[in-house]
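Breakdown of the fold
Here is how the chains run, residue by residue.
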Amino acid sequence: MLLNLWDEELSTDFMRLYNISPLQMCNILKQLMLNNDKDNIIIFCEETGLKLDAINVVDDDLEFVGKIVSTTIDNCAYLKKNGLIPIDMLLEQPSPIQKHLKSHKIEIIPSMHELIYMDKHYFIPSWNQDCQYCAYTENKCRYSQHQYKDMYCPYLGAISNLSTKLYSHKSEIEMFLAASQDTMLSYSRVIDCPEMLSTIEDFIYDFFYKRTDLCSDWEKQKQYSYIITFSIKYNDMSYRTNYVDNKHYAEASNTLYNYENYCQNVYYDIDQVPKCFWDNVWLISTCLSVIGSFGKINGEICAGMKHNLTIPYNKLNIEIIPNNP
């Protein structure tokens, strides 16, 4: 089943997902319009009588529609051959991004935690990891006993954003599940160049105090910008905006407290709460927020694509952006 947060038919699919009647949906929409301060999950539960911990609507067939903004300097040749692949693979394979970096004497090898700039090697640590070799050529890290090393070491502070994207965020592709086109096109610099180039450019300036032409040179070679649309399974997402579960203890405790009256069972520990509860909270809140906005989405809803996932080119819909804003 497909839940398309971009489509006007979302309310119909949402009704089918939870097996609720048109009358129930109509009453929910009335409540959303009349009670702007009332929680839409509570409105849903009071109207349907469904228990958040007793109904499981997520299976391997539940899908959403994701969108990303990108650019091409090779007429999408690499994308046609490889499909959408994780960032670390783009950096280590002969992709347009890798070739572009090499033309600027930059190479990044995430599997080896290594960045090479002007023939000199630098270690890219994971969060709070000691460098295996020091950017300042010292024998050992002078901040190894500090919990937040990047607050003390200028090199770690400069490279932390790149490190976060490669390791904490697992080099995953991020996507929009709902957003206005203006929001998507204004995100970072994706309308002109890959976000990773901007991240690397920032590191070089922050640490070496050098301006590079990584982004501007890509933009000069850019043939066009485009929006890629594809379907992705709910279970293939690594994260979703505003999704809370027992990994987020404080938020999860508050969420359980807010909706404990709409559960079938009583829980004294958030680790006892079934996954379907967290899924239902997110699905109901997200879908009703979009439906209740009547096409005027405020902000954006984003998600990450699990690292082991590749989406082939024939599963992608590419829409060329005719005129950059």
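Preceding block: the structure.
In this report, the structure presented in the accompanying data block is examined. (Residues numbered from 1 in each chain as written. Predicted model: local features only at pLDDT ≥ 70, side-chain atom pairs only at ≥ 80, totals over all residues. Heavy atoms only, no water.)

**Considering the sheet that holds strand S4 (residues 114-117)**
- Sheet architecture is open: three strands sit in the order S3-S4-S5, paired in antiparallel fashion. Only two strands of the sheet have a single partner each, and these edge strands are strand S3 (106-109) and strand S5 (120-123). Ignoring which end each strand starts from, the neighbouring axes of this sheet average 20 degrees apart.
- Here S4 runs beside S5; their pairing, made up of four bridges, is antiparallel. Its bridge partner being in S5, leucine 115 is matched across the sheet by tyrosine 122. (Pairing = 2+ DSSP bridges. Helix = DSSP H or I, 4+ residues; strand = E, 2+ residues; numbered from the N terminus. Axes fitted to C-alpha atoms, helices over the stretch in contact; angles between N-to-C directions.)

**Observations concerning a nonpolar patch on the surface**
- Together, Trp127, Tyr148, Met151 and Tyr152 make up an exposed nonpolar region whose accessible area comes to about 500 Å².
- The partly exposed category is assigned to tyrosine 148, whose relative accessible area is 40%. (Patch = residues over 30% accessible without salt bridge, like charges linked within 9 Å, V, L, I, M, F, W, Y side chains within 5 Å. Areas by Shrake-Rupley, 256 points an atom, 1.4 Å probe, with all protein chains shown as cover. Salt bridge = Lys/Arg side-chain N within 4 Å of Asp/Glu carboxyl O. Buried < 20%, exposed > 50% of the residue type's maximum accessible area, 1.4 Å probe, protein only.)

**Quick look at the pattern of salt bridges**
- Enumeration over the complete set of coordinates arrives at nine salt bridges.
- With a shortest N-O distance of 3.7 Å, arginine 16 and aspartate 13 are connected by a salt bridge. With a gap of three residues between them, arginine 16 and aspartate 13 both fall in helix H1 (residues 10-18), about one helical turn apart.
- Assessed through its relative accessible area of 55%, arginine 16 is described here as exposed.
- We note a salt bridge from glutamate 138 to arginine 142, for which the minimum N-O separation is 2.1 Å.
- With a relative accessible area of 33%, glutamate 138 lands in the partly exposed category.

**As for the pairing of strand S7 (residues 224-233)**
- Burial analysis of S7 places eight of its ten residues in the buried class, the great majority of the element.
- Relative to S7, strand S2 (residues 63-72) is paired through ten bridges, and the arrangement is antiparallel. Within the sheet, the bridge partner assigned to threonine 72 lies in S7 and is tyrosine 224.
- With four bridges connecting them, S7 and strand S10 (residues 317-320) associate as antiparallel partners. Bridge assignment links isoleucine 228 to a residue of S10, and that residue is isoleucine 318.

**A few points about the nonpolar core**
- If you look at the biggest cluster of nonpolar residues, it comprises 62 residues, and the most contacted ones within it are Phe14, Phe64, Leu84, Phe230 and Leu283.
- With ten residues, helix H12 (residues 275-292) is the single largest residue contributor to this core.
- Those residues within four positions of phenylalanine 14 in sequence are excluded, and the remaining contacts are Leu3, Ile20, Met25, Phe44, Leu283, Ile284, Cys287, Leu288 and Ile291.
- Judged by nonpolar contacts, the second largest core, of 34 residues, contains Leu101, Ile106, Tyr143 and Phe203. (Core = buried A, V, L, I, M, F, W, Y, C linked by side-chain atoms within 4.5 Å. Contact = heavy atoms within 4.5 Å.)

**With respect to helix H9 (residues 195-208)**
- Relative to the 20 Å expected for 14 residues at 1.5 Å per residue, H9 spans 20 Å between its end C-alpha atoms, a close match to the ideal helical length.
- Positive backbone phi, approximately 60 degrees, marks tyrosine 209, located one or two places after H9. (Expected span 1.5 Å × (residues − 1).)

**Thoughts on the packing of aromatic side chains**
- Tallied over the entire structure, the rule returns 22 aromatic pairs.
- Seen from their ring centres, tyrosine 136 and phenylalanine 207 are 5.9 Å apart, and the 70 degrees between their planes marks the pair as edge-to-face. On the criterion of sequence distance, the pair formed by tyrosine 136 in the loop between S5 and helix H7 (154-168) and phenylalanine 207 in helix H9 is long-range, its members being 71 residues apart.
- Phenylalanine 207 gets classed as buried once you look at its relative accessible area, which sits at 15%. (Phe/Tyr/Trp six-rings, centres within 6.5 Å; stacked < 30°, edge-to-face > 60°.)

**Quick look at the side chain of arginine 240**
- Its place among the elements puts arginine 240 in strand S8 (residues 237-240).
- Summary of buried charges: arginine 240 has no salt-bridge partner, and the nearest side chain of opposite charge, aspartate 279, is 4.5 Å away.
- With sequence-adjacent residues up to four places away left out, arginine 240 is seen in contact with Leu177, Tyr234, Trp282, Cys302 and Ala303. (Lys, Arg positive; Asp, Glu negative; His and termini not counted.)

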